[in-house]
Structure formats: structure tokens, C-alpha cells
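# Fold and contact review
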Amino acid sequence: MTIVKGKSINEWISAFPDFGPILNYTPFYWGNPYAGEKGTASQEQPLQLEDIQDAEERLKRFAPFIAAAYKETEKSEGMIESPLKKADQIKARIEEITGQTIPGAFYVKLDSHLPISGSIKGRGGIYEVLKYAEKLLLEHHLLSEKDDYSKIAEEKYRDFFSQYTILVGSTGNLGLSIGVISAKLGFRVVVHMSADAKQWKKDLLRERGVQVVEHPSDYSKAVKEGRKEAENDPKSYFIDDENSKDLFLGYAVAAIRLKKQLKEQKIQVSPDNPLHVYLPCGVGGGPGGVAFGLKAVFGDAVKCYFAEPTHSPCMLIGMMTRMHNEISVNDFGLDNQTAADGLAVGRASGFVGKVMEPLLEGIFTVSDEQMFRLIAEMADAEGIHLEPSAVTGLMGPSYVVQNNPNITEGHTHIIWATGGSMVPDEIKEAEYQKGLAFKRKSDVK
Ligand SMILES: *Cc1c(COP(=O)(O)O)cnc(C)c1O
């Protein structure tokens, strides 16, 4: 008999009846009973709004370098940001599919189209590399905070950075973001990839001179290998997706940016007209950082929800049991196999789980079949291709409306679409066709 932390599976199910649908891979919504327990973004939290503002200031210092190094950011003057787009067509399709009317305005936040890396990882991953680069240059008196950072694109800085190695363990997109920016700066980069990582992501990194180490097992193992390799070398720096505060802060800056976009688009946010934000969750850093930032900026006027694959609900089981990173989906016999490579994580970040416990309204799970279907729906309705991880948030609003009779037209839903623009065309087409088959099948029903 399987024993997890001293309890049999049946004992877990009687303590937490929601293990029923979880262990059957059934999509469902879990409302977080610990939401609001310690107040929002309170004094007790390890990070504060000032830390997020400090991160935003650092990104502003680097903007001239980014603009010089990446043509596509010239127009935004080196700010790496994505559009917020009204999405009425997909809203109508979701209402039809779920049979649930969704009161309120409906937007997608297109991190799928974030410059440089084409995924939400461009926020945290790029920020942490830039912070490390700045620290090295300041320590060696090669830079002052008042300088024009565009000079970092010069050859002498590349030579300097080439003595240092950046390491990371990744299911794909984090390696892609960190690999691309690190290679641009001139760092040596080693990315430890898990078995789920897509071939095209590995190929793209190798093309840019990044060393890719492939592991036959899952993401936690890839992270462990990266961490171990860095320990033995003082000139190497390991970016720790499970524990890094810098990654988290890079993601959190999204909240300051979103506040500006909401204002530009005249979208009201108040406790009476709240924002509901739906974020796909893997290890937790990306969605946790964004949600933490939003709570710091908007307080109770924002409600955040995470989406996870039915096959990898690591944050859900960690938060529900309050065991966080002490348990994994594999402990309960779940296989952690999903097409959503960005979310294929069996054990959540303990740091993020604990920070989010009082701040998160709920978590819902999404099947792979639903993901492919949503890829086709999104492409047909809005003309936007998203990768499997990135569509999961779309299932959220109908659950939230079903569980909350107070949602009215004054509310705003934001689906965080976390990746997809860099997927090669032939893979986009294959994903779309697969989704179309599911779509047709259910239209007939
Ligand atoms: C990584 C990733 C996520 C989730 O971020 P975590 O920090 O792993 O929770 C969501 N969507 C995409 C496309 C990703 O690559």
C-alpha cells in the first residue's frame, strides 16, 4: 500500500475529499479556504511593494541596452512588455462551450507575444540575468548606476561576461529566456532540460550557442543537476526556479505595467469592480510573482486564480494539504505527463506556495484535450496561436462565476496567455489541427 507522509491514499481522500477528482484526472475548481487568512500582501510577507519598484527601476536602467540589443524593443524603448487585448470573440465561444454566461469584460494578456522570449519567462528569467550582470559590473567598477547601459552591448563587456557561467534547470521556456539573454550578454550558459522539453526549444538554444544538457527524467531532476554543477564553481551562477526571489520579483513587475495599461484602456479597478486574473501555474514562480505583484498594487480589488494540468496539479495538492513542496503529484500516483510543457511540474515551489496561501482565491485543473480544443478556439476566434500551457486560464471564468453569484458586468476578467508566439509554424499547425479535431467532435455531440 502506498503511504505518503504517514497516510494511506484512502486516508488522504477522507481528509481532503477533493483528492477524488484529482486522482481521477478530472478537471475541477478548488476554492482556497485559506484565502485572506493573513490579510493581503501584509507586513509578514517576505517581499514588499518597494522590492517590486526596485526591480522596475533596474529594468528601466537596462532599457537602453535592451533597445540596442533587440530591434523588436526599439519602439517600446527597451521595455519588455506585452499587449492587453479585449477578447469578446473567445469569450462568446467559452460561454457557448461551458454553457455559462460570464458577466464582465474579458481580456487576454498576451505574454505569448512578450519580446525576446515569447513567454512569461521573459519577465523573471531576463530580469534575474540582468540583475546578476549589473552586480558583476558594479563590483568590478565597470559600470555605475548613472551610466547609459547601452554600452553593455560593447565587445569588452561580452569578453568580461565570458568568464562566467549561468546555469538553469528548465522544462523549456525558462531555459529559452535565460539562454537567449545570457548568450546576448556574452555569458557561458548551460541549460539542464527535462524530458518534457520540446525539441524545437532545445534546437533554438543550441543555435544561439547555449549548451543544452538533456535529462531523461522530470523537471525537479534537471533543476537539481544545474544546482549541483554550480556549487563547485565560484564563477558560475545558478538560477533557481524553485526558490529564487529575483525571478519572482521580475514576474511581479508585470503588476506595475498592467496598472498602466488598465489606466490607458480606461478599465476601472476597485473593490466594487474587481479584476479576476487567471494564471497558468507550473512550479509557481511566474503566476505567483504576477499575483503577488497584483495584490501589492491593487489589494482586495484583484482576485487571482491558478490553472494547472489535470496531470500535474502540484500547487493544488501542495496548497490544499498545506504540505507545499513536501509532497509531489508522483507520490499520489499521478503521472505528470502533459502537453503543457511549461506546467509539467510535479512538485511546487515551497516558497511560492506559502506566500500565495492567503492571497489566492482558487485553483482549477484543465485536461490536455481541453487545452488543444482551446488552442483551436483561440486561433479561430481571435487569430492568436497560444501554446498548450497558455490557454489553460480560459477555463477559469466560468468556474468563478458558478462559484460566485456576485460577479457582475462591472467586473473584469484577464486571462494570462503565457506563451506561444515562438512556436515554429509547423508545430503551430499540428497543435491547431489536433485541437480542431476535438472541436469538431464536440460540435457533433
Ligand atoms: C513556465 C510557464 C508557466 C508557469 O510558470 P511557473 O513559474 O513554472 O509556475 C506558464 N506558462 C508558460 C507558457 C510557461 O512557460
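Residues numbered from 1 in each chain as written. Predicted model: local features only at pLDDT ≥ 70, side-chain atom pairs only at ≥ 80, totals over all residues. Heavy atoms only, no water.

### A few points about the site of the ligand
Here is the rule we go by: When at least one non-hydrogen atom of a residue lies within 4 Å of a molecule or strand, that residue is treated as near it. Nitrogen and oxygen atoms within 3.5 Å of one another constitute a polar contact, given that in protein one can donate a hydrogen and the other can accept it, and given that sequence-neighbouring residues count only through two side-chain atoms. All accessible-area figures derive from a Shrake-Rupley calculation using a 1.4 Å probe, and residue coverage is judged against the displayed protein chains alone. In DSSP terms, a helix is any run of H or I states spanning at least four residues, a strand is any run of E spanning at least two, and both are numbered starting from the N terminus.
Inspection of the region around the ligand gives 16 residues, with K121, N173, G284, G286 and T418 positioned closest. K121 places a polar side-chain atom, nitrogen or oxygen, 2.7 Å from an oxygen atom of the ligand. A distance of 2.7 Å separates an oxygen atom of the ligand from a polar side-chain atom of N173. For the ligand, the protein covers 99% of the area, taking 380 Å² as the surface of the free molecule. In terms of residues, the shell around the ligand owes the most to one element, helix α12 (residues 285–298), which gives three residues.

### What to know about the nonpolar core
The criterion, for reference: The set of buried Ala, Val, Leu, Ile, Met, Phe, Trp, Tyr and Cys residues whose side-chain atoms join them within 4.5 Å is what this entry labels a nonpolar core. Three exposure classes are used, based on accessible area relative to the maximum for each residue type with a 1.4 Å probe and protein chains only: buried under 20%, partly exposed in between, and exposed over 50%. Annotation comment: domain bounds sourced from an automatic or database domain assignment. Any two residues whose heavy atoms approach within 4.5 Å are treated as being in contact.
Residues F65, I152, F161, L185 and F187 are the most contacted members of the largest nonpolar core, which totals 111 residues. Ranked by the residues each element gives to this core, the list is headed by helix α5 (residues 121–139), at eight residues. A domain-level breakdown of this core finds at least three residues from each of domain 1 (3–45 + 81–116 + 252–441) and domain 2 (68–75 + 120–245). The residues touching F187, leaving out its near neighbours within four places in the chain, are V129, Y132, A133, L136, F161, Y164, I166 and S182. Counting residues in hydrophobic clusters, the runner-up holds 34 residues, among them I102, F372, L386 and I407.

### Here we look at the domain arrangement of the protein
Filter applied, for reference: Joining two parts hides part of their accessible area as seen by a 1.4 Å probe, and the buried area is that hidden amount summed over both. Note on definitions: salt bridges are taken to be side-chain nitrogens of Lys or Arg within 4 Å of carboxyl oxygens of Asp or Glu. Classification convention: Asp, Glu, Lys, Arg as charged; Ala, Val, Leu, Ile, Met, Phe, Trp, Tyr, Cys, Pro as nonpolar; all other residues, Gly among them, as polar.
Taken domain by domain, the protein comprises domain 1 (3–45 + 81–116 + 252–441) and domain 2 (68–75 + 120–245). Computed over C-alpha atoms, the centres of domain 1 and domain 2 are 27 Å apart. In total, about 2,200 Å² of surface goes out of reach between domain 1 and domain 2, with carbon and sulfur atoms giving 59% of it. Among the residues of domain 1 in contact with domain 2, I116, D341 and F351 are the three that bury the most area, contributing 31% of the side total. Between the two partners, domain 1 and domain 2, sit four salt bridges. A per-class count over the side of domain 1 that touches domain 2 returns 15 nonpolar, seven polar and six charged.

### So, the sheet that holds strand β6 (residues 165–170)
How we decide: By definition, two strands form a pair when at least two bridges between them are found by DSSP. Fitted lines through C-alpha atoms give the axes, limited to the stretch in contact for helices. The angle between two N-to-C directions lies from 0 to 180 degrees.
The parallel open sheet is built from four strands, whose spatial order is β8-β7-β6-β9. At either end of the open sheet lies a strand with only one pairing partner, and these are β8 (211–214) and β9 (236–239). The mean inter-strand angle of the sheet, taken between neighbouring strand axes irrespective of direction, is 20°. In this structure, β6 lies alongside β9, joined through four bridges in parallel fashion. The residue of β9 that forms the bridge with V168 is I239.

### Digging into the environment of G293
For G293, the location among the structural elements is in helix α12. When its relative accessible area of 0% is taken as the criterion, G293 is described as buried. Taking the C-alpha atoms as reference, G293 lies 8.8 Å from Q48; in sequence the two are 245 residues apart.

### Details of the environment of L374
The residue L374 is located in helix α15 (residues 368–382) in this model. With 11 residues separating them in the primary sequence, L374 and H385 have C-alpha atoms 10.0 Å apart. Setting aside its immediate chain neighbours within four residues, L374 contacts I94, V391, L394 and M395.

### Quick notes on the sheet that holds strand β5 (residues 105–110)
Judged by pairing direction, the sheet is mixed, and its seven strands sit side by side in the order β3-β12-β11-β10-β13-β5-β4 without closing on themselves. Only two strands of the sheet have a single neighbouring strand rather than two, namely β3 (29–31) and β4 (84–86). Pairwise comparison of adjacent strand axes, ignoring direction, gives a mean angle of 25° for this sheet. One ladder, built from six bridges, connects β5 with strand β13 (residues 412–417); its direction is parallel.

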